[in-house]
Amino acid sequence: MTESANRIFSGIQPTGNLHLGNYLGAIRNWVTLQDDFESIYCVVDLHAVTVPQDPAQLRNSTREVTASLIASGISPERSILFNQSRVPQHAQLAWIFNCVARLGWLNRMTQFKEKAGKNREQASVGLYSYPILMAADILTYKATHVPVGEDQKQHLELTRDIAQAFNSHYEVDCFPLPEPQIFGSATRVMSLRDGSSKMSKSDMSELSRINLTDDNDTIAAKIRKAKTDADALPSEAAGLAGRPEAENLVGIYAAMANMTVDDVLREFGGRGFGDFKPALAALAVDQLAPIGARMRELLENPDELDAILDDGAVRAEAIARPILADVHEIVGFLGMPVK
């Protein structure tokens, strides 16, 4: 079946060192979405090469991210899990979309400006046009829903623009306009050293983040050393205003315990971080330690991981191939795409 009224697609970069922010902001949500959607999850290695990559490290990181997804609860049986480069339809559809999208649309993309920085003239064409590949990732499967963080909403809007422009230009009803799945309080986990900066694997300080591969003692130590202020926790969320580190730690606790921030503060309001941090550490260790252990087990068997990705790619291409064939017919290309 190439059509589905309830199909979700999402991708994650194979950059290794996935952390608590990735888990709470995306991966954990992907796990729950498996219950309600036909789920397609992709390690986006084509996106990774928009900036220089060491080939051996890229292969290792692809396996590590795959292991982290499985260890977190993504089922290769219930969902389709693969790495992007194994399914050629992504790149093939991206070229067609390159001929649909307009330069003005890409010039509005704020993430390119942030990633390229002051050296824009030296950035790769791929870094500039990767939102078009992202649109192809989604529409190769005619996905109806896409889980996105706030920083990716603009790219999903571009995907909808491209789908609408294609449909309009060729006077067809080919591509759906995918809807965002945006999750609430856990979508932005901040650095443990600076509550105003997002938790990031590129931060020089290991103490700024909790990696999914960290062991129990490391998790507890990082929370113990997390930056805070001297005041006790307030009894309601409004009292966290102007206290970014306190707000971050309370938000992490709320997300991991499936509580609201107000519920957490009803329990810990008036108490200091000397009480709160050990409780947060115990909660984090309880949830993250099994993931790290399962990851290490999976990474000891790279052939098994590769087989999972290969199977996922076969299943993904079974959906993508007839969709691309339809697109070729609509555009006017002669003959079926060659496998």
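Definitions and cut-offs
- Residues numbered from 1 in each chain as written.
- Predicted model: local features only at pLDDT ≥ 70, side-chain atom pairs only at ≥ 80, totals over all residues.
- Heavy atoms only, no water.
- Core = buried A, V, L, I, M, F, W, Y, C linked by side-chain atoms within 4.5 Å.
- Buried < 20%, exposed > 50% of the residue type's maximum accessible area, 1.4 Å probe, protein only.
- Helix = DSSP H or I, 4+ residues; strand = E, 2+ residues; numbered from the N terminus.
- Contact = heavy atoms within 4.5 Å.
- Arc of directions from axis to C-beta.
- Phe/Tyr/Trp six-rings, centres within 6.5 Å; stacked < 30°, edge-to-face > 60°.

### Details of the nonpolar core
In terms of nonpolar packing, the biggest core is built from 55 residues, with L20, L69, F276 and L288 touching the most fellow members. Considering every element that reaches this core, the biggest residue donor is helix 12 (residues 273–299), with 12 residues. Apart from the residues lying within four places of it in its own chain, the contact partners of L69 are I12, I27, W30, V43, I74 and L81. By size, the runner-up hydrophobic cluster in this structure holds 45 residues, among which are M109, L158, F175 and A316.

### A look at helix 4 (residues 89–98)
Within helix 4, burial applies to Q89, H90, L93, A94, I96 and F97. Relative to the axis of helix 4, the buried residues are bounded by an arc of 160° and lie together on one face.

### A closer look at the packing of aromatic side chains
Within this structure, the stated rule accounts for 11 aromatic pairs. A ring pair is formed by F82 and Y141, whose centres lie 6.2 Å apart and whose planes are at 65°; its orientation type is edge-to-face. Remark: Y141 occurs in the loop between helix 7 (125–139) and strand 4 (145–147) and F82 occurs in strand 3 (residues 80–83); sequence separation between them is 59 residues. Taking the centre distance of 6.4 Å and the plane angle of 80° together, the rings of F273 and F276 count as edge-to-face. Within this pair, F273 and its partner F276 are both found in helix 12, separated by three residues, close to a single helical turn.

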